[in-house]
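Listed below are the residues making up each chain.
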Amino acid sequence: MMRVLHSEHALSDRFMSYILLRNIRIEEDLIDQLFNSSEKRLARTLWLLARYGKESQPQKMLPKVSQEMLAEMNCTTRARVNFS
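In this text, all values refer to a predicted model and were calculated from it rather than measured experimentally.

Okay, the packing of helix 2 (residues 9-35) against helix 3 (residues 38-50) next. One can describe the packing of helix 2 onto helix 3 by two numbers: an axis separation of 10 Å at closest approach and a directional angle of 150°. Overall, the two elements helix 2 and helix 3 adopt an arrangement that is roughly antiparallel. Crossing hand, helix 2 versus helix 3: right-handed. Only Arg-41, Arg-44 and Leu-48 of helix 3 make contact with helix 2, whose side of the interface consists of Arg-25, Glu-28, Asp-29, Asp-32 and Gln-33. Taken together, the residues that form the contact of helix 2 with helix 3 break down as 1 nonpolar, 1 polar and 6 charged.

What follows is the structure in structure tokens.
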């Protein structure tokens, strides 16, 4: 992998961009878990799902998301998601 990243500059640029964006998202998720209520976390998750796909090419069909899945994404219970 190191050899390919050194020799293929376009691939290494894309890979680094992906890693940095992923790191930013993980940091945002951690801050969200530490400082926001379950309602705010749910709102953020729904907002992120609403932006599914690229802005220039939005997806025509969103994946089915149940209350259980939303609860798992937000480290809360299904009842709390239903209440919010």
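Glancing now at the side chain of Thr-45. Along the polypeptide, Thr-45 turns up in helix 3. Setting aside anything within four residues of it in sequence, one finds Thr-45 in contact with Leu-70, Met-73 and Asn-74.

Inspection of every chain in the model, using the stated rule, returns 6 salt bridges. Arg-44 serves as the salt-bridge partner of Glu-28, at 3.4 Å between the closest nitrogen and oxygen. Here Glu-28 is found in helix 2, whereas its partner Arg-44 is found in helix 3, with 16 residues between them in sequence. Residue Glu-28 is classed as partly exposed on the basis of its relative accessible area of 41%. Salt-bridge contacts for Arg-44 lead to Asp-32; the nearest nitrogen and oxygen are separated by 3.7 Å. Of this pair, Arg-44 sits in helix 3 while Asp-32 is found in helix 2, placing the two residues 12 residues apart along the sequence. Residues joined in a network through salt bridges with shared partners are Arg-25, Glu-28, Asp-29, Asp-32 and Arg-44.

Rules and cut-offs
- Residues numbered from 1 in each chain as written.
- Predicted model: local features only at pLDDT ≥ 70, side-chain atom pairs only at ≥ 80, totals over all residues.
- Heavy atoms only, no water.
- Axes fitted to C-alpha atoms, helices over the stretch in contact; angles between N-to-C directions.
- Helix = DSSP H or I, 4+ residues; strand = E, 2+ residues; numbered from the N terminus.
- Parallel < 35°, antiparallel > 145°, perpendicular 65-115°, else oblique.
- Left-handed = near helix turned anticlockwise from the far one by under 90°.
- Contact = heavy atoms within 4.5 Å.
- Nonpolar A, V, L, I, M, F, W, Y, C, P; charged D, E, K, R; others polar.
- Salt bridge = Lys/Arg side-chain N within 4 Å of Asp/Glu carboxyl O.
- Buried < 20%, exposed > 50% of the residue type's maximum accessible area, 1.4 Å probe, protein only.

What is shown is where atoms sit, not what they do.
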